[in-house]
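Fold and geometry: a report
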Amino acid sequence: MAAPPPPVAELAHHLLRKPAAGLDPEERRVLAAIEQGTLVSRDAADVADERSSVGERLADRVAAIGGSWGFIIGFSAVLFGWMLLNSDVLRHFGLTFDPYPFIFLNLMLSALAAVQAPVIMMSQNRQASKDRLAASLDYETNLRAELDILRLHHKLDHAVIERLAALEAKIDALAREPRGS
């Protein structure tokens, strides 16, 4: 029957040379996972999506659309169409509602920029938060791998020492046997 895994406090002292009270949250999670025999690696994007609010997801969506070539091309076509309509086509019928210098168009563009800029900044802040989360999860995974390698080294060292002790005992036993002629 296998021995039960050591508690987190013992693992902290043995593997990290720290008291359990001095552990970071990431170290505590890694040692708890070792104790329970579970995995620590998680996808940062999935964890970030679980933690995100509706507003944060909306900001990401707006930034994704506003930062695409499709948006730039479509928006350029709308601007060119607006200017063309209000300078030549509608003037011919006397229906221009925003003649050159396109003051209403400038107002709408300023309003769009005033709304879009903070939304893009929210998305950038969220991306920075995702990057910090990814770094934290990477640290946990790397720490787990390092501790598992360290534990394997200890097991191998222990197995080699036991094997050497058994060989020494056999050599001693052979040396004590009387030699026959």
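Everything below is about the structure printed above this text.
Residues numbered from 1 in each chain as written. Predicted model: local features only at pLDDT ≥ 70, side-chain atom pairs only at ≥ 80, totals over all residues. Heavy atoms only, no water.

**Some thoughts on the side chain of serine 123**
Of note, serine 123 is situated in helix α6 (residues 103-176). Discounting residues that sit within four places of it in the chain, serine 123 has contacts with Ala59, Asp60 and Ala63. (Helix = DSSP H or I, 4+ residues; strand = E, 2+ residues; numbered from the N terminus. Contact = heavy atoms within 4.5 Å.)

**Some thoughts on the side chain of asparagine 86**
By the element assignment, asparagine 86 lies in helix α5 (residues 69-93). Of the residues examined, asparagine 86 reaches a relative accessible area of 2% and is grouped as buried. (Buried < 20%, exposed > 50% of the residue type's maximum accessible area, 1.4 Å probe, protein only.)

**With respect to the packing of aromatic side chains**
Applying the stated rule across the entire model yields four aromatic pairs. Ring geometry for tryptophan 82 versus phenylalanine 97: centroids 5.2 Å apart, planes at 85°, classification edge-to-face. Taken as a pair, tryptophan 82 in helix α5 and phenylalanine 97 in the loop between α5 and α6 lie far apart in primary sequence, 15 residues in all. By relative accessible area, which is 16% here, tryptophan 82 ends up buried. When its relative accessible area of 52% is taken as the criterion, phenylalanine 97 is described as exposed. Through a chain of ring-to-ring contacts, the aromatic side chains of Trp82, Phe97 and Phe104 assemble into a single cluster. (Phe/Tyr/Trp six-rings, centres within 6.5 Å; stacked < 30°, edge-to-face > 60°.)

**Section: helix α2 (residues 25-36)**
The end-to-end C-alpha separation of α2 is 16 Å, in line with the 16 Å expected for 12 residues at 1.5 Å each. On its buried face, α2 is in contact with α1 (8-16) and α6. Looking one or two places after α2, you find glycine 37, whose phi comes out positive at around 75°. (Expected span 1.5 Å × (residues − 1).)

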